[in-house]
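Coordinates in review
Residues per chain are reported as follows:
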Amino acid sequence: MRTIALPLSGKLGVRDKLRPKAQPNPVLETFYTTHCKNPKEGELINLAKQCNLPVRKVERWFRRRRNTDRPSLSKKFCEACWRFIFYIISFFTGLAVLYDVSIQAMSPPLQPSLFWYYLLELSFYCSLVFTLPFDVKRKDFKEQIVHHAATIFLISFSYCANYIRIGTLVMVIHDASDYELSCSILNYMKWKKTCNCLFMIFSAVFLISRLVIYPYTVLYNTYYYSMEIFQPFFGYYFVNVLLMTLQLLHVFWSCLIIHMVYKFMLQGTMEKDMRSDTDESDKDEETEKVQEKEKNGITHFNNITSKNCIQRNGSQQQNRRTHLTNGHAKDR
């Protein structure tokens, strides 16, 4: 990410957005670090009294302070590049391993390629757990933790219990759409048309692989077909609970993707990632600036109109005075 993706982002035109920094304030900083990053209205009023500042300035300070903690565009680009490279390598590696497993009998020992493939997937998901506090946080942070934990247990148990074919098939199905999801690097490069096309392809692959292929090829065999061969035991219940947990997460993410596709069909442009948590505060900052500009424009307009009215009234009064003086002069 540092040696390849970061210099590449500069050459491809990925620029970080300039964000206004919050002014140093020890009272607000201690509250931000120890209590809450998004205080409520009553807390804002108390902090405003302590700092002798208006409530609007305190709210703006917290907004800018949250913006500084949010990941930059270059960091998102580097993370997307790293995951794209891994997922595309693991997907094609999984296809080759799945072919070897399909032609291999159940009794001979496992091939070394299968061991290295399992080790590659297990180490990657373990690294995702360790780097969760430092990665780009999204709204589905809790769902990601559940997904990573279920995947690690499933990979480990399927290898130990010799559920090699099921485990390999599950990993290949997941990698088939994950590397397309990492094509969001095109969105950071502002290649909107290409990104929109890839988003539609990703949506079709995700929905077909997670809602059609996964239930009918994996869940059916592990839940129904295995009952015809073996009696229920601990591994049967444990594996099916993990697989059903993944399926519930698939339904959750499919709802988000369908909603994004619906917005895309209506508006003609792809909506930003609904899991992202980086747009709300920027919109508030922009709306606040627009409101200030509108207020300044209204006050400027009122000043101009009031001056014109004063000038007109003054000129009318002067005209009336001249008219009266002329009238008196004529009478005299």
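A quick note: this is a predicted structure, and the numbers were derived from the prediction, not measured. (Residues numbered from 1 in each chain as written. Predicted model: local features only at pLDDT ≥ 70, side-chain atom pairs only at ≥ 80, totals over all residues. Heavy atoms only, no water.)

Here we look at the nonpolar core
The following threshold applies: Residues belong to one nonpolar core when they are buried, are Ala, Val, Leu, Ile, Met, Phe, Trp, Tyr or Cys, and are joined through side-chain atoms within 4.5 Å. Accessibility here uses a 1.4 Å probe with only protein chains present; expressed as a share of the type maximum, an area under 20% marks a residue as buried, one over 50% as exposed, and anything in between as partly exposed. Put simply, DSSP H or I for four residues or longer makes a helix, DSSP E for two residues or longer makes a strand, and each gets a number counted from the N terminus. Contacts are assigned to residue pairs that have any heavy atoms within 4.5 Å of one another.
Counting 16 residues, the largest nonpolar core has Tyr87, Tyr118, Phe124 and Tyr125 as the members making the most contacts within it. Breaking this core down by element, the ones donating at least two residues are helix H5 (73–103), helix H6 (112–130), helix H7 (141–160) and helix H8 (164–181). Setting aside residues up to four positions removed in sequence, Tyr125 forms contacts with Tyr87, His147, His148, Thr151, Ile152, Ile155, Asp175 and Asp178. Grouped together as the second largest cluster of nonpolar side chains are 11 residues, Leu154, Val170, Val218 and Leu242 included.

Remarks on the side chain of Thr168
By the element assignment, Thr168 lies in helix H8. Not counting the four nearest positions on each side in its chain, Thr168 is found in contact with Gly94, Val97, Leu98, Leu114, Tyr117 and Tyr118.

Looking at empty space enclosed by the protein
Note the threshold: With a 1 Å grid laid over protein atoms only, a set of points is called a cavity when a 1.4 Å probe fits there but cannot get out and a pocket when it is open yet has protein on both sides within 12 Å along at least five of seven lines; lining residues have an atom within 4 Å of a point. Grid points are joined across faces, edges and corners, and a volume is the space filled by probe spheres set on the points. All residues other than Ala, Val, Leu, Ile, Met, Phe, Trp, Tyr, Cys, Pro, Asp, Glu, Lys and Arg, Gly among them, are scored as polar; the first ten of these are nonpolar and the last four charged.
Counted according to the given criterion, the structure contains 2 cavities of 30 Å³ or more. Empty space within the largest cavity amounts to approximately 100 Å³. Surrounding the largest cavity, 13 residues form its lining, Thr151, Leu154, Ile155, Val170 and Met171 being those nearest its centre. Those elements that place two or more of their residues in the lining of the largest cavity are H6, H7 and H8. Here the residues of the lining of the largest cavity sort into 7 nonpolar, 5 polar and 1 charged.

Some remarks on the packing of aromatic side chains
Selection criterion: Note on aromatic pairs: the rings of Phe, Tyr and Trp (six-membered ring only in Trp) are paired at centre separations within 6.5 Å, and the planes decide the class, stacked below 30 degrees, edge-to-face beyond 60, tilted for the rest.
Inspection of every chain in the model, using the stated rule, returns 20 aromatic pairs. Summarising the aromatic geometry, the rings of Phe124 and Tyr125 are spaced 5.5 Å apart at their centres and angled 75 degrees between planes, so their arrangement reads as edge-to-face. An identical accessibility class is assigned to Phe124 and Tyr125; each is buried. Geometrically, the ring pair formed by Tyr223 and Tyr236 is stacked, given 6.4 Å between the ring centres and 25 degrees between the ring planes. Of the two residues, Tyr223 sits in helix H10 (residues 192–229) while Tyr236 sits in helix H11 (residues 234–267), which places them 13 residues apart along the sequence. The class for Tyr223 is partly exposed, based on a relative accessible area of 43%. Residue Tyr236 is classed as buried on the basis of its relative accessible area of 11%. An aromatic cluster is present here, built from Trp82, Phe86, Tyr87, Phe124 and Tyr125 joined pairwise through their rings.

Quick notes on the state of the cysteines
Formally: Here, the term disulfide refers to a pair of cysteine sulfur atoms separated by no more than 2.5 Å.
A full pass over the atoms with the stated rule returns 0 disulfides. Cysteine Cys78 remains unbridged, with the sulfur of Cys81 as its closest cysteine sulfur at 6.6 Å.

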